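# Examining the three-dimensional arrangement
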Amino acid sequence: MNGAEVLLRALVDSGVEVCFANPGTSEMHLVSAMGRTDRMRPILCLFEGVATGAADGYGRMADKPAATLLHVGCGFSNGMANLHNAKKAHSPVVNIVGDHATYHQAYDAPLATDVPAHARICSDWVRVSESAGDLAASGGSAVKAAMAGNGKIATLVVPADHAWEPAGASTSKPDFDPPGRVAEESVKKLAGLIRQGKRTGLVLGGRALRETALVAAGRIAEATGADLLCETFPARLQRGAGRVTVNRIPYFAEKGAAFLEKYEQLILVGGKTPVAFFAYPGKPSLLAPDTCAIETLATVDEDAAAALEDLADALGAGGNPVRRKLLRDVSRPEGRLTPETIGQSLCRLLPENAVVVDEAITCSQPIYTASEGAASHDWLAITGGSIGFGLPVALGASVACPDRKVVALQADGSALYTQQALWSMARERSDVTVVLLNNDSYAILNIELARVGAGKPNGKTLSMFDLGNPAVDWVALSQSLGVPAVRTETAVAFDRQLETALKTKGPRLIEAVVPVSLERIFG
């Protein structure tokens with residue numbers, strides 16, 4: 001066996017079943033090794049950002065890593081934006097990055113880069129293999145590192161000669177360490193703080209937004225009057241009918257500050273202290289008031305569900321918390337197509353156990369609010385704010401959960417970053433319905449321009465956010481990449497097309513024309 005074959009065996013023996021790949025010359029022996037086994041499913045992606053985003057979506061839904069196969073430092077750098085999102089989501093990902101053969105690195109070839117330096121920017125664990133014989137242990141260690149806590153980014157750099165040279169055949173499956181358990185003393189301390197009767201919010205993030213954890217949090221809320229709050233961009237929120245409801249902290253800084261101003265204490269459970277997404281003149285960075293005490297029950301790498309159950313028991317919180325009711329009797333929306341009517345259609349049509357990937361940007365909040373009564377589903381948000389996330393994550397989620405319908409709420413500007421994911425969806429027959437929200441604009445930047453106080457814009461300024469000159473023909477683009485598509489401009493037409501798409505297996509794109517009003521933004 002050569003090093004590539006040993007590495008592949010180590011990965012699959014450690015539970016890695018899927019590789020999202022955009023390989024180059026340095027990775028050919030790994031490509032060849034995958035071609036000779038049925039234990040690893042290779043999925044070709046036409047851009048590295050699609051591969052890394054797909055690995056993020058897979059990790060969020062499978063709770064174990066997929067691999068990516070990337071080509072030297074430049075290829076890794078092309079995937080960095082979605083690795084940033086994956087790191088903020090605490091998704092388990094294993095990156096395998098090829099490099100020049102060790103003896104070739106001294107010649108400064110055109111693609112020569114400092115691959116480990118690139119990798120360290122957005123990886124929690126980085127290793128360069130020492131030899132072909134080292135690849136078995138390194139592969140297992142990479143998976144173990146990715147599974148640490150509740151998910152990490154692990155990157156293994158493999159010089160080409162290590163992949164083709166002979167290697168021993170022995171591998172060992174790593175032992176995975178479970179997330180840490182919160183100490184009993186910490187639970188008792190926080191139970192005492194809640195009993196003081198101060199206005200309390202539990203800020204839930206990470207694994208605290210899964211159904212079991214939400215039930216325990218709901219018990220605490222009903223017993224004590226504490227409010228359940230959700231981080232603004234959850235990696236995976238289990239919501240809809242039958243689930244305990246949480247209130248998302250608003251995105252805009254002033255709204256977030258107003259939302260939190262009533263609290264005397266916030267308790268973090270798998271989440272971080274709420275902060276503004278950006279700095280704005282005259283607005284605070286921290287959203288909680290200065291008088292608000294902030295405590296931590298469980299960090300993102302600790303067992304949030306167990307901590308919440310322990311806290312509920314310590315507070316004597318029993319019973320079965322109130323769950324969201326199903327709103328299936330919502331009538332078919334009519335009139336012009338808006339984010340609200342799109343949310344209403346989702347509410348009445350979304351199938352049980354669907355996965356919704358949200359990169360709707362300016363349309364996101366109204367769709368989210370209008371769909372709260374939908375059948376139970378998982379909601380995946382853009383955790384790191386790096387756009388081009390939605391289509392790749394939807395691809396990865398569909399690979400992880402082939403029996404679940406995936407709906408990608410996708411803004412047009414962001415979709416152009418990684419539209420190549422449509423090709424991979426077609427090739428893999430992914431069961432993804434893409435709702436392409438088209439306003440021919442980077443609408444969020446128009447809003448941010450107004451909010452930062454940079455002055456009234458002129459035509460030249462606004463041209464930098466305008467995507468309508470020339471307009472993208474999304475139906476033609478989607479169809480050219482193998483995904484059937486249709487354009488809708490009314491609420492009725494969209495609702496009918498969504499109903500058809502959700503009943504049809506395989507990828508489809510529905511272009512939803514939702515114009516933005518610059519006059520409303522700038523006055």
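### Quick word on the overall build of the chain
When you go through the chain residue by residue, the secondary structure sums to 22 helices and 18 strands. Taken over C-alpha atoms, the radius of gyration comes to 24 Å for the chain, in line with the 24 Å a tight globule of 523 residues would show. Referenced to the eigenvectors of the C-alpha coordinate spread, the extents of the chain come out at roughly 65 × 60 × 45 Å. Going through the 523 residues of the chain one by one, you find that 55% of them count as buried. Taking the intrachain contacts of the chain between residues at least 6 apart in sequence as the baseline, contacts between residues at least 24 apart amount to 81%. Taken as a whole, the chain presents about 20900 Å² of accessible surface, with 51% of it coming from carbon and sulfur. With 50 positive and 56 negative side-chain charges, the chain shows a spacing of 5 Å between the two charge centroids.

### A look at the packing of helix H9 (residues 184-195) against helix H12 (residues 304-314)
Orientation of H9 relative to H12, taken along the N-to-C sense of each, is 55 degrees, at an axis distance of 9 Å. Taken as axis vectors, H9 and H12 run oblique relative to one another. Here H9 runs over H12; the crossing is right-handed. Taken together, the residues of H12 that come into contact with H9 (itself represented by Val187, Leu190, Ala191, Ile194 and Arg195) are Asp310, Leu311 and Ala314. Tallied by class, the residues present in the contact of H9 with H12 amount to six nonpolar, no polar and two charged.

### Quick look at helix H3 (residues 48-62)
Along an α-helix, a turn takes 3.6 residues, which lines up residues three or four apart on a common side. With 15 residues, H3 ought to run about 21 Å at 1.5 Å a step, and its terminal C-alpha atoms sit 21 Å apart, in line with that. The buried fraction of H3 is high, at 14 of 15 residues. A positive phi of about 55 degrees marks Asp63, the residue just after H3.

### A few points about the nonpolar core
Counting 57 residues, the largest nonpolar core has Leu204, Leu297 and Leu308 as the members making the most contacts within it. With residues up to four places along the chain from it excluded, the contact list for Leu308 reads Leu204, Ala208, Ala213, Ala216, Ala217, Ile220, Val269 and Leu297. Grouped together as the second largest cluster of nonpolar side chains are 50 residues, Val18, Val50, Val97 and Val475 included.

### What about the sheet that holds strand S3 (residues 66-71)?
Pairing in this open sheet of six strands is parallel, and the strands run S2-S1-S3-S4-S6-S5 from one edge to the other. Strands with a single pairing partner mark the edges of an open sheet, and in this sheet they are strand S2 (41-44) and strand S5 (125-128). Averaged over neighbouring strand pairs, the angle between their axes works out to 20 degrees when direction is ignored. Both S3 and strand S4 (residues 93-99) contribute to a ladder of six bridges, which runs parallel. Bridge pairing in S4 links Thr68 to Asn95. The sheet strands contacting H3 are strand S1 (18-21), S3 and S4, and the helix crosses S3 at an angle near 165 degrees.

### Here's the deal with the sheet that holds strand S17 (residues 485-488)
The strands making up a sheet associate through hydrogen bonds between their backbones, and the pairing can be parallel or antiparallel. Pairing is mixed in the open sheet, where seven strands are placed in the order S9-S14-S13-S15-S16-S18-S17. Each edge of the open sheet is held by one strand with a lone partner, namely strand S9 (237-239) and S17. Geometrically, the sheet is characterised by an average inter-axis angle of 20 degrees between neighbouring strands, direction not taken into account. Pairing of strand S15 (residues 406-411) with strand S16 (residues 432-438) involves six bridges; the strand directions are parallel. Looking at the pairing, Gln410 lines up with Leu436 of S16. Against the sheet, helix H21 (residues 491-502) contacts S15, S16, S17 and strand S18 (508-513), and its axis sits at roughly 165 degrees relative to S18.

### As for the pattern of salt bridges
All told, the structure shown has 28 salt bridges when counted by the stated rule. The residue Asp310 makes a salt bridge to Arg181 at a minimum N-O spacing of 3.2 Å. A residue pair is termed long-range when its members are at least 10 positions apart, and Asp310 in helix H12 and Arg181 in the loop between helix H8 (160-164) and H9 qualify at 129 residues. Residue Asp310 is classed as partly exposed on the basis of its relative accessible area, which comes to 25%. Between Arg332 and Asp495 there is a salt bridge, with its nearest N and O atoms 2.7 Å apart. Taken together, the positions of Arg332 in the loop between H12 and helix H13 (339-349) and Asp495 in helix H21 put the pair 163 residues apart, joining distant regions of the chain. Relative accessible area serves as the criterion here: at 0%, Asp495 is assigned to the buried category. Taken together, the salt bridges that share partners define one network made up of Asp63, Arg207, Arg210, Arg236, Asp378 and Arg404.

### What to know about the pairing of strand S14 (residues 377-381)
Across the five residues of S14, five count as buried, placing the element largely inside the fold. Sheet topology note: the S9/S14 ladder contains three bridges and is antiparallel. Across the sheet, the residue bridging to Leu237 is Trp379, located in S14. For strand S13 (residues 354-359) and S14, the ladder comprises five bridges, and the chain directions are parallel. The partner of Asp358 across the bridge, within S14, is Ala381.

### Some points on the packing of helix H1 (residues 3-13) against helix H2 (residues 28-35)
Across the interface, H1 lies against H2 with an axial gap of 8 Å and an inter-helix angle of 55 degrees. As summarised for this structure, H1 and H2 are arranged oblique, according to the angle between their axes. For the element pair H1 and H2, the recorded crossing hand is right-handed. Together, Ala4, Glu5, Leu7 and Leu8 of H1 and His29, Leu30, Ala33 and Met34 of H2 make up the contact between the two elements. Split by residue class, the contact of H1 with H2 holds six nonpolar, one polar and one charged.

Procedures and definitions
Along each chain, the written sequence defines residue order, and numbers are assigned to residues from 1. In keeping with the model being predicted, local features are shown solely for residues with a pLDDT of at least 70 and side-chain atom pairs are shown and tallied solely at 80 or more, while totals for entire chains, interfaces and linings include all residues. The side-chain values count all of the structure's non-hydrogen atoms but skip hydrogen atoms and water molecules. Think of it this way: any DSSP run of H or I at least four residues long counts as a helix, any run of E at least two long counts as a strand, and we number them from the N terminus. Every radius of gyration here is taken over C-alpha atoms, with the globule rule written as 2.2 Å times N^0.38, N being the number of residues. Partly exposed residues are those whose accessible area sits between 20% and 50% of the maximum for their type, while under 20% is buried and over 50% is exposed, using a 1.4 Å probe and protein chains only. In what follows, a contact means two residues having at least one pair of non-hydrogen atoms within 4.5 Å. Surface accessibility in these figures is a Shrake-Rupley result with a 1.4 Å probe; residues are shielded only by whichever protein chains are displayed. Charge counting follows a simple rule: Lys and Arg are positive, Asp and Glu are negative, and His as well as the terminal groups are ignored. Throughout, a charge is located at the NZ atom of Lys, the CZ atom of Arg, the CG atom of Asp or the CD atom of Glu. Axes here mean lines fitted to C-alpha atoms, for a helix over just the part in contact, with angles spanning 0 to 180 degrees between N-to-C directions. Roughly parallel here means an angle under 35 degrees, roughly antiparallel means over 145, roughly perpendicular means 65 to 115, and every remaining angle is called oblique. Definitions for this section: a left-handed crossing has its near helix turned counterclockwise from the far helix by less than a right angle. A right-handed crossing has that turn clockwise. Throughout this entry, Asp, Glu, Lys and Arg are counted as charged residues, while Ala, Val, Leu, Ile, Met, Phe, Trp, Tyr, Cys and Pro are counted as nonpolar. The remaining residues, Gly among them, count as polar. The span you would expect from a helix comes to 1.5 Å times its residue count less one. By convention a nonpolar core is built from buried Ala, Val, Leu, Ile, Met, Phe, Trp, Tyr and Cys residues, the set being connected through side-chain atoms within 4.5 Å. Paired strands are those between which DSSP finds at least two bridges. The term salt bridge refers to a side-chain nitrogen of Lys or Arg lying within 4 Å of a carboxyl oxygen of Asp or Glu.

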